[in-house]
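# Report on the structure
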Amino acid sequence: MTDFPERVFSGMQATGNLHLGNYLGAMLNWLRMQETHDCIYCVVDLHAITVWQDPQALAGNIREVTAAYIACGLDPEKSIIFNQSQVSAHAELAWVFNCVARLGWLNRMTQFKEKAGKDRENASIGLFVYPNLMAADILAYRATHVPVGEDQKQHLELSRDIAQKFNNDFAASIAAHGHGEAFFPLPKPMITGPATRVMSLRDGTRKMSKSEPSEYSRIDMTDDADTIAQKFRKARTDPEPLPSEPDGLKDRPEAENLVGIYAALAGMTKADVLKEYGGAQFSAFKPALSDLAVARLAPISTEMTRLKSDPAHIDGILADGAARAEAIAKPVMDAVKDIVGLLRTR
Ligand code: TRP
């Protein structure tokens, strides 16, 4: 098997405000990877338009997510930070993958079923082929590692299937063009970290989500210190004190969620948190959690506000990132055209 150099790719949708679930579930892993790997972090605006986006809001949301990336600590000097639509290889490779992936594969995607809901006939075709575009995002850079949440695992499996089928279908041409046995790596999902799943503050059985109507269900990355404190004060709990072992969190989803959030913010395990707070009432634990969250998150929201006041600066970062991304993706796309037998400009 061909050896591919390690490269990390990940992305978030350009649908505005990030929340604590994005931060603890994805961003902390992205930050860790940035220290040890070549990383490419994308704001996926082409994915965003698979459902209706108000054109007046979209550009602002792309900048907002970019500002969040940087405020959280992604460093445009270390990592490539850009938005998808500025690099044409994403859309071009996605088309080739539309011709590689099988209808039956996409019919199995659970996220499409969830997002399309009952009125499937009326969903956009873009929403259906969303996973093919995601495979193109990753493979346009021949990325090997993809830090994502649990919910994206099935899409990553599809990316591997597409890479594998491309490598098989075009094996002779890949070899003839001097690319050895395989042109694409089979990208691996990386699902790590203490709190990959952050749940709603109103209902510990549902994922924290920007589509839940109550703002009290989530901590937004733009929340100031008072708002963060107020939301944790109102967070749903049960009447029991905290257990002293993680086992005692079973069937207590709200308690488990708050302990998980504390652990992730503090860089501790749940067991360590419970060693400290076992036996404590929520009236004592919540203020500690709230203080910790404010200490960690308030500086990020302050930095986001500062960055958002200078859109030209953000646009400059995205333009620079796009140029660096293009320098990697363009030769890959050229090679794909040669392998498939498409004529291209030289
Ligand atoms: N589908 C991902 C999500 O909703 C976002 C995404 C798009 C992505 N392209 C990607 C993630 C490529 C990792 C790699 O979270």
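Preceding block: the structure.
Residues numbered from 1 in each chain as written. Predicted model: local features only at pLDDT ≥ 70, side-chain atom pairs only at ≥ 80, totals over all residues. Heavy atoms only, no water.

### Let's talk about the overall build of the chain
A count of helical and extended segments in the chain gives 15 helices and 5 strands. For 346 residues, the compact-globule estimate of 2.2 N^0.38 gives 20 Å, and the C-alpha radius of gyration of the chain, at 22 Å, lies within 12% of that figure. Based on the C-alpha atoms only, the size of the chain along its principal axes is roughly 70 × 45 × 45 Å. Across the 346 residues in the chain, those meeting the buried criterion constitute 51%. Expressed as a percentage of contacts within the chain between residues at least 6 apart in sequence, the contacts between residues at least 24 apart total 76%. A total of about 16,000 Å² of accessible surface is found on the chain, and carbon and sulfur atoms cover 52% of it. (Helix = DSSP H or I, 4+ residues; strand = E, 2+ residues; numbered from the N terminus. Rg over C-alpha atoms; globule rule 2.2 N^0.38 Å. Buried < 20%, exposed > 50% of the residue type's maximum accessible area, 1.4 Å probe, protein only. Contact = heavy atoms within 4.5 Å. Areas by Shrake-Rupley, 256 points an atom, 1.4 Å probe, with all protein chains shown as cover.)

### A word on the nonpolar core
One finds Leu 20, Tyr 23, Tyr 69, Phe 232, Leu 265, Phe 285 and Leu 297 to be the most contacted residues of the largest nonpolar core, which totals 66 residues. Tallying contributions element by element places helix H14 (residues 282-308) first for this core, with 12 residues. Ignoring any residue separated from it by four or fewer positions in sequence, one finds Leu 20 in contact with Gly 25, Val 198, Met 208, Ile 219, Met 221, Phe 232, Ile 261, Leu 265 and Leu 297. Counting residues in hydrophobic clusters, the runner-up holds 49 residues, among them Leu 133, Phe 183, Val 332 and Ile 339. (Core = buried A, V, L, I, M, F, W, Y, C linked by side-chain atoms within 4.5 Å.)

### Comments concerning the site of the ligand
Near the ligand the following residues occur: Phe 9, Ser 10, Gly 11, Val 44, His 47, Tyr 130, Met 134, Asp 137, Ile 138, Val 146, Val 148 and Gln 152. In this structure, Tyr 130 approaches the ligand through a side-chain N or O atom, which is 2.7 Å from a nitrogen atom. Between the ligand and Asp 137, the relevant distance is 2.7 Å, taken from a nitrogen atom to a side-chain nitrogen or oxygen of the residue. When the free accessible area of the ligand is taken as 370 Å², the share hidden by the protein chains comes to 89%. Taken atom by atom, the bulk of the ligand overlaps the largest pocket. When residues of the shell around the ligand are traced back to their parent elements, those giving at least two are strand E1 (8-13) and helix H8 (130-139). Among the elements that line the shell around the ligand, the one with the most residues is H8, at 4 residues. Partitioned by chemical class, the residues of the shell around the ligand number 7 nonpolar, 4 polar and 1 charged. (Near = heavy atom within 4 Å. Polar contact = N/O pair within 3.5 Å; in protein donor to acceptor, adjacent residues only side chain to side chain. 1 Å grid on protein atoms, 1.4 Å probe; cavity = no way out; pocket = protein on both sides within 12 Å on 5 of 7 lines; lining within 4 Å. Sits in = over half its atoms within 2 Å of the grid points. Nonpolar A, V, L, I, M, F, W, Y, C, P; charged D, E, K, R; others polar.)

### Comments concerning the layout of surface pockets
Considered as a void within the structure, the largest pocket measures approximately 1,300 Å³ in volume. Around the largest pocket, the lining comprises 44 residues; the ones closest to its centre are Asn 22, Gln 111, Asp 151, Gln 152 and Lys 207. Contributions of two or more residues to the lining of the largest pocket are made by E1, helix H1 (20-36), helix H3 (55-72), helix H6 (110-116), H8 and strand E4 (145-147). Classifying every residue of the lining of the largest pocket by side-chain character gives 15 nonpolar, 19 polar and 10 charged. (Points joined across faces, edges and corners; volume = space filled by probe spheres on them.)

### Details of the pattern of salt bridges
Think of it this way: side chains of opposite charge can pair up when their charged atoms draw near. Evaluated as defined, the whole model comprises 20 salt bridges. Salt-bridge contacts for Asp 315 lead to Arg 63; the nearest nitrogen and oxygen are separated by 2.7 Å. On the criterion of sequence distance, the pair formed by Asp 315 in helix H15 (residues 311-340) and Arg 63 in helix H3 is long-range, its members being 252 residues apart. A salt bridge links Lys 231 to Asp 223, with the nearest nitrogen and oxygen atoms 2.7 Å apart. Grouping residues by exposure puts Lys 231 and Asp 223 together as buried. Through salt bridges with shared partners, a single ionic network connects Lys 330, Asp 334, Asp 338, Arg 344 and Arg 346. (Salt bridge = Lys/Arg side-chain N within 4 Å of Asp/Glu carboxyl O.)

### Side note on H14
Helix length check: H14 (27 residues) gives 36 Å between terminal C-alpha atoms against 39 Å at 1.5 Å per residue, within 8%. At Leu 297, H14 shows its largest bend, some 35 degrees, and a proline, Pro 299, comes one to four positions later. (Expected span 1.5 Å × (residues − 1). Bend = angle between axes of the 7 residues up to and from the residue.)

### Some points on the packing of aromatic side chains
Across all of its chains, the model carries 13 aromatic pairs by this definition. Arranged with centres 6.4 Å apart and planes meeting at 45 degrees, the rings of Phe 166 and Phe 183 form a pair that is tilted. With Phe 166 in helix H9 (residues 153-169) and Phe 183 in the loop between helix H10 (171-176) and strand E5 (188-190), the pair connects residues that are 17 residues apart, well separated along the chain. Here a set of aromatic residues connected by ring pairs shows up, and it is made of Phe 97, Phe 166, Phe 170, Phe 183 and Phe 184. Across the ring face of Phe 183, the terminal group of Arg 142 is positioned such that the distance to the ring centre comes to 4.3 Å. (Phe/Tyr/Trp six-rings, centres within 6.5 Å; stacked < 30°, edge-to-face > 60°. Lys NZ or Arg CZ within 6 Å of the ring centre and 35° of its normal.)

### Structural notes on the packing of helix H12 (residues 253-266) against H14
The interhelical angle for the contact between H12 and H14, taken along N-to-C directions, is 40 degrees, at an axis separation of 10 Å. Crossing handedness for the pair H12 and H14: left-handed. Contacts between H12 and H14 pair Ala 255, Leu 258, Val 259, Ile 261, Tyr 262, Leu 265 and Ala 266 from the former with Phe 282, Phe 285, Lys 286, Ala 288, Leu 289, Leu 292, Ala 293, Arg 296 and Leu 297 from the latter. In terms of residue class, the contact of H12 with H14 is built from 14 nonpolar, no polar and 2 charged. (Axes fitted to C-alpha atoms, helices over the stretch in contact; angles between N-to-C directions. Left-handed = near helix turned anticlockwise from the far one by under 90°.)

### Side note on H9
Taking 1.5 Å per residue as the helical rise, H9 with its 17 residues ought to reach 24 Å, and the 24 Å between its terminal C-alpha atoms agrees with that figure. Along H9, the residues that are buried comprise His 155, Leu 156, Leu 158, Ser 159, Ile 162, Ala 163, Phe 166 and Asn 167.

### A closer look at the state of the cysteines
In total, this model carries 0 disulfides according to the counting rule given. In this structure Cys 39 is a free cysteine whose sulfur lies 13 Å from that of Cys 42, the closest cysteine sulfur available. (Disulfide = S-S within 2.5 Å.)

### Some remarks on the side chain of Ser 290
Relative to the helices and strands, Ser 290 resides in helix H14. Residue contacts for Ser 290: discarding those within four places in its chain leaves Ala 229 and Phe 232.

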